[in-house]
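Architecture at a glance
Here are the chains, one letter per residue:
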Amino acid sequence: MPRNAPIGQISKMADVLEPKPDLMFVTRKWAPAMGGMETYCHRLTEELAADYSLDIVALPGREDGSPPSPAALLAFPASILCRWFDRNTVPDILHIGDMALWPVGLLAPRKTALVISAHGTDVSYPRRGGLKGRLYGAYLRLGARMLRRSKVIANSAATEAALHENGWKNTAVVALATDIVADSPTATPTKSLLFAGRLVKRKGLRWFTENVLDRLSEDITLEVAGTRWDPAENAALDHPRANFVGLLGSDDLKVAYASALAVILPNIELPNGEFEGFGLIASEASAAGGVTLAANCGGLSEAVIDGETGFLIESGNADAWVKRITEIADWSLIDRQEFVGKAMGRARKHYSWSRVARETAAYYSAD
């Protein structure tokens, strides 16, 4: 290499001498569909692009933010096969974005490192029972037998436990991250709690309105930002102190996190074993300057560092929820700003996508 070569020329020579590892990333969770899995796939690949030659095979969602149509999902395997056989060489690494796509791993020869990401619903579904649950459980167990060499990255210890139930053994946990950050704590919070997310039973909103909200000071209200999903859970919106504001954009959600008295994730444990894979709202709220209160169950136990980025509360314990919310309502402004300031810094450092990419990359090369 010439001693006085321009920096750009040196960089190009370095790429020739040491080409980036070839990474093929396959996912059916992609924008404009909205959700934690979509965010994970998009942000992880953005971070990995600096160190890998990326070939992304993704199935975009629909323009209204909903998942792809059933027809698009059925056609997606053909798109994967076309891309695979159109390549000149097999990739160094094949990363599959969720467990439902495990058959894609059958394409990978021994020399290709095989990694699969596991979230919550895609491994907990067998716990629901019924014919569909049993069939999907058998499907996962078949994958565990056929892809014994694969490495599986779970987003929480709860997800990892569900993997083990279905026969997947070579696993590791990489907690998720958030892009939402704030510069400083909000000067004065409102007297309103905030719930953000889909209205499904495991997220516990109806349980909260029926067992906790009426026991709080009458000036404390509840804002609900998200999407109607389960008709039974929608009944929570009938509470006189609940206000449904619908789906908020990221900027508005960031403001809502910081200005709320507290951001609540009152998940409940269901008899069928369904659980929250991680709980991205929890880490988002902490990083944005909110006071996060989450049930100590499922992946939420890793989405909150108890006492540092927020508080974990026993799931289904109404007395504990009333006590903690009342304590926070009684905080002085100085106490609140001190806690929030430290929580923001801790969340920003721990729940970062650079950390997720770094830990994921280490797993690519692990024995």
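Overview of the structure. Owing to the predicted nature of the structure, the values given are computational and were not obtained by experimental measurement.

1. Looking at the overall build of the protein chain
- Within the protein chain one finds 13 helices and 12 strands.
- Its C-alpha atoms give the protein chain principal-axis dimensions of about 70 × 60 × 35 Å.
- Here the protein chain holds 367 residues, and the buried ones make up 51% of them.
- Within the protein chain, counting contacts between residues at least 6 apart in sequence, those at least 24 apart form 70% of the total.
- Of the charged side chains in the protein chain, 40 are positive and 43 negative; the average position of the first set lies 6 Å away from that of the second.

2. Things to note about the pattern of salt bridges
- Taken as a whole and judged by the stated rule, the model has 18 salt bridges.
- The residue R43 makes a salt bridge to D179 at a minimum N-O spacing of 2.5 Å. A residue pair is termed long-range when its members are at least 10 positions apart, and R43 in helix α2 (residues 36–48) and D179 in the loop between β6 (171–173) and β7 (192–198) qualify at 136 residues.
- On the accessibility criterion, R43 (13% relative accessible area) is buried.

3. Digging into the sheet that holds strand β2 (residues 53–60)
- Pairing in this open sheet of six strands is parallel, and the strands run β2-β1-β3-β4-β5-β6 from one edge to the other. Single-partner strands in this sheet number two, and they are β2 and β6. On average, adjacent strands in this sheet sit at an angle of 20° to one another, irrespective of strand direction.
- Across four bridges, the pairing between strand β3 (residues 93–96) and strand β4 (residues 113–118) is parallel. When the sheet's bridge partners are listed, I93 is paired in β4 with A113.
- Contacts from helix α6 (residues 157–165) reach β4, β5 (151–154) and β6, with the element oriented near 165° to β6.

4. Observations concerning a nonpolar patch on the surface
- Together, L106, L142 and M146 line one region of the surface with nonpolar side chains, adding up to about 270 Å² of accessible area.
- Counting through the fold element by element, M146 comes out in helix α5 (residues 130–146).
- A relative accessible area of 46% means that M146 is categorised as partly exposed.

5. Things to note about empty space enclosed by the protein
- Overall, the coordinates contain one cavity of 30 Å³ or more when judged by the stated rule.
- When its volume is computed, the largest cavity comes out at roughly 40 Å³.
- What lines the largest cavity is Y40, S117, A118, H119, I153, A154, N155, V174 and L176.
- Within the residue set of the lining of the largest cavity, elements represented by two or more residues are β4 and β5.
- Tallied by class, the residues present in the lining of the largest cavity amount to six nonpolar, three polar and no charged.

6. A short note on helix α13 (residues 353–364)
- The end-to-end C-alpha distance of α13, which contains 12 residues, comes to 16 Å, matching closely the 16 Å that a straight helix rising 1.5 Å per residue would cover.
- For α13, the complete set of buried residues consists of W353, R355, V356, A357, T360, Y363 and Y364.

Reading guide: rules and limits
Residues numbered from 1 in each chain as written. Predicted model: local features only at pLDDT ≥ 70, side-chain atom pairs only at ≥ 80, totals over all residues. Heavy atoms only, no water. Helix = DSSP H or I, 4+ residues; strand = E, 2+ residues; numbered from the N terminus. Buried < 20%, exposed > 50% of the residue type's maximum accessible area, 1.4 Å probe, protein only. Contact = heavy atoms within 4.5 Å. Lys, Arg positive; Asp, Glu negative; His and termini not counted. Charge placed at Lys NZ, Arg CZ, Asp CG, Glu CD. Salt bridge = Lys/Arg side-chain N within 4 Å of Asp/Glu carboxyl O. Pairing = 2+ DSSP bridges. Axes fitted to C-alpha atoms, helices over the stretch in contact; angles between N-to-C directions. Patch = residues over 30% accessible without salt bridge, like charges linked within 9 Å, V, L, I, M, F, W, Y side chains within 5 Å. Areas by Shrake-Rupley, 256 points an atom, 1.4 Å probe, with all protein chains shown as cover. 1 Å grid on protein atoms, 1.4 Å probe; cavity = no way out; pocket = protein on both sides within 12 Å on 5 of 7 lines; lining within 4 Å. Points joined across faces, edges and corners; volume = space filled by probe spheres on them. Nonpolar A, V, L, I, M, F, W, Y, C, P; charged D, E, K, R; others polar. Expected span 1.5 Å × (residues − 1).

By themselves, these figures tell us nothing about what the structure is for.
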